[in-house]
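Architecture and fold: a report
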Amino acid sequence: MNRFTWHGHATVSIETSGHSLLIDPFLKDNPVSVTDPESLSPDFVLITHGHEDHVADAADIIRRSGAQLISTPEITGWFARQGIDNSHAMNIGGFSEFPFGRLKLTPAWHSNSLPDGSYGGMPTGLLLELNGQRVYHAGDTALFSDMELIGEGGLDLAFLPIGSNFTMGPEEALRAVELLRPGTVVPIHYNTFPPIRQDAAAFKASCEAETAARCLVPEPGESFGI
Ligand code: NI
Ligand code: MN
């Protein structure tokens, strides 16, 4: 069993067999987050892309916790220039082995740059194998038909953006569920700011009426196990 906490926006903590992972930390300036960044001490910080709403608290948390950063070379290089060099650079393609399990970076249709305007390379999603479960965090992305490939082999859980404007909206996320065929879906990247306001209860209702997936809608800071 793995334990997941959604902190609002795209920020997710995962506890898995003695390891803790933190994805896209955006906490202090996140209007919906109730999590104090100081309360998190992850072993690994995973970054899907360099936008401010995905890296905002990463440097502080990594410095304090000594976590290893995992992301693309452009992102780890940007953090290295701030003195953070405990990192593992990888790119979209195949799985890499880590103490917590396996990670593959997947394509994401989005843009990418760092908060200071530095080149960010390709944005990514994350496909994790943890304790025999497969978990997909889509990052910021539009809908793309190769999501069908990501779902091959089975998915236990998928974190999918539904906010629209910057990413998929609810209609595209519903198509994504059809392509990915996950056991459980958790909508993310919505209601943080006015342009991405969405009705997650309505998304859950259509998801469960039109697909075989169960949809969980946690409150920011809420944990669940699958
Ligand atoms: Ni973004
Ligand atoms: Mn974003």
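Owing to the predicted nature of the structure, the values given are computational and were not obtained by experimental measurement.

Along its length, the protein chain carries six helices and 14 strands. A globule of 226 residues ought to have a C-alpha radius of gyration of about 17 Å, and the protein chain, at 16 Å, matches this closely. Taking the principal axes of its C-alpha atoms as reference, the protein chain extends roughly 50 × 35 × 30 Å. Looking at the protein chain residue by residue over its 226 residues, the buried ones come to 55%.

Along the chain, Val185 falls in strand E12 (residues 182-188). We classify Val185 as buried; its relative accessible area is 0%. Separated by 89 residues in the primary sequence, Val185 and Ser96 place their C-alpha atoms 24 Å from one another.

What follows is about the coordination of the nickel ion (ligand 1). Note on the nickel ion (ligand 1): its protein donors are His49 (NE2), His51 (ND1), His110 (NE2) and Asp140 (OD). The metal-donor distances range over 2.2 to 2.3 Å. Here the nickel ion (ligand 1) binds four donor atoms, and the angle range of 89 to 177° at the metal identifies the geometry as irregular. Donor residues binding the nickel ion (ligand 1) come from one chain and are separated in sequence as H-x1-H-x58-H-x29-D. Separating the nickel ion (ligand 1) and the manganese ion (ligand 2) is a distance of 3.2 Å, and Asp140 donates to both of them.

A few words now on the coordination of the manganese ion (ligand 2). Geometry sets the ideal angles at a metal, namely 109.5 degrees for four tetrahedral donors and 90 or 180 degrees for six octahedral donors. Protein-derived ligands of the manganese ion (ligand 2) are Asp53 (OD), His54 (NE2), Asp140 (OD) and His189 (NE2), with the metal-ligand distances lying across 2.1 to 2.2 Å. All donors to the manganese ion (ligand 2) come from one chain, and their sequence spacing reads D-H-x85-D-x48-H.

What follows covers the pattern of salt bridges. Enumeration over the complete set of coordinates arrives at five salt bridges. Of the charged contacts, one joins Lys204 and Glu208 as a salt bridge, the two residues approaching to 3.3 Å between their closest N and O atoms. In this pair, Lys204 and Glu208 are both assigned in helix H6 (residues 200-210), four residues apart and thus about one turn of the helix distant. It is possible to trace a salt-bridge network through shared partners that takes in Arg102, Glu129 and Arg134.

The next subject is the sheet that holds strand E9 (residues 124-130). Taken in spatial order, the seven strands line up as E7-E8-E9-E10-E11-E12-E13 in an open sheet, and their pairing is mixed. With one partner strand each, in any of the chains shown, strand E7 (95-98) and strand E13 (214-215) form the two edges of the open sheet. Bridge count for E9 against strand E10 (residues 133-137) is five bridges, and the pairing is antiparallel. In the strand pairing of E10, Leu128 is matched with Val135.

Among all residues except glycine, the phi angle is most often negative; among peptide bonds, the trans geometry is most common. Positive phi is not limited to glycine here, since Asp24 has a value of about 50°. By secondary structure assignment, the location of Asp24 is in the loop between strand E3 (19-23) and strand E4 (44-46). The exposure class assigned to Asp24 is buried, which follows from its relative accessible area of 0%. Even without a glycine there, the phi angle at His189 is positive, about 55°. Mapped onto the fold, His189 is located in the loop between E12 and H6.

Let us look at helix H2 (residues 58-65). Buried within H2 we find Ala58, Ala59, Ile61 and Ile62. On an axial view of H2, the arc spanned by its buried residues comes to 165°, and they lie on one face. On its buried face, H2 is in contact with E3, E4, helix H1 (52-55), strand E5 (68-71) and helix H3 (73-80). Of the residues trailing H2, Gly66 is marked for its positive phi of about 75°.

Within the fold, Glu219 resides in the loop between E13 and strand E14 (222-225). Assessed through its relative accessible area of 53%, Glu219 is described here as exposed. Sequence separation of Glu219 and Val34 is 185 residues, and the distance between their C-alpha atoms is 9.6 Å.

Turning next to the packing of aromatic side chains. Scanning all chains against the criterion turns up eight aromatic pairs. Consider the rings of Phe4 and Phe224, whose centres lie 5.6 Å apart with planes at 20°: the pair is stacked. Note that Phe4 is positioned in strand E1 (residues 3-6) and Phe224 in strand E14, a separation of 220 residues in sequence. Both residues of the pair, Phe4 and Phe224, belong to the buried class. Ring plane angle 40° and centroid distance 6.3 Å describe the contact between Phe26 and Phe193, whose orientation is recorded as tilted.

Definitions and limits used
Residues numbered from 1 in each chain as written. Chains lettered and ligands numbered in written order. Predicted model: local features only at pLDDT ≥ 70, side-chain atom pairs only at ≥ 80, totals over all residues. Heavy atoms only, no water. Helix = DSSP H or I, 4+ residues; strand = E, 2+ residues; numbered from the N terminus. Rg over C-alpha atoms; globule rule 2.2 N^0.38 Å. Buried < 20%, exposed > 50% of the residue type's maximum accessible area, 1.4 Å probe, protein only. Donors = N, O, S within 2.8 Å, 3.2 Å for Na, K, Ca; no water. Tetrahedral: all angles 85-135°; square planar, octahedral: opposite > 155°, others 65-115°. Salt bridge = Lys/Arg side-chain N within 4 Å of Asp/Glu carboxyl O. Pairing = 2+ DSSP bridges. Arc of directions from axis to C-beta. Contact = heavy atoms within 4.5 Å. Phe/Tyr/Trp six-rings, centres within 6.5 Å; stacked < 30°, edge-to-face > 60°.

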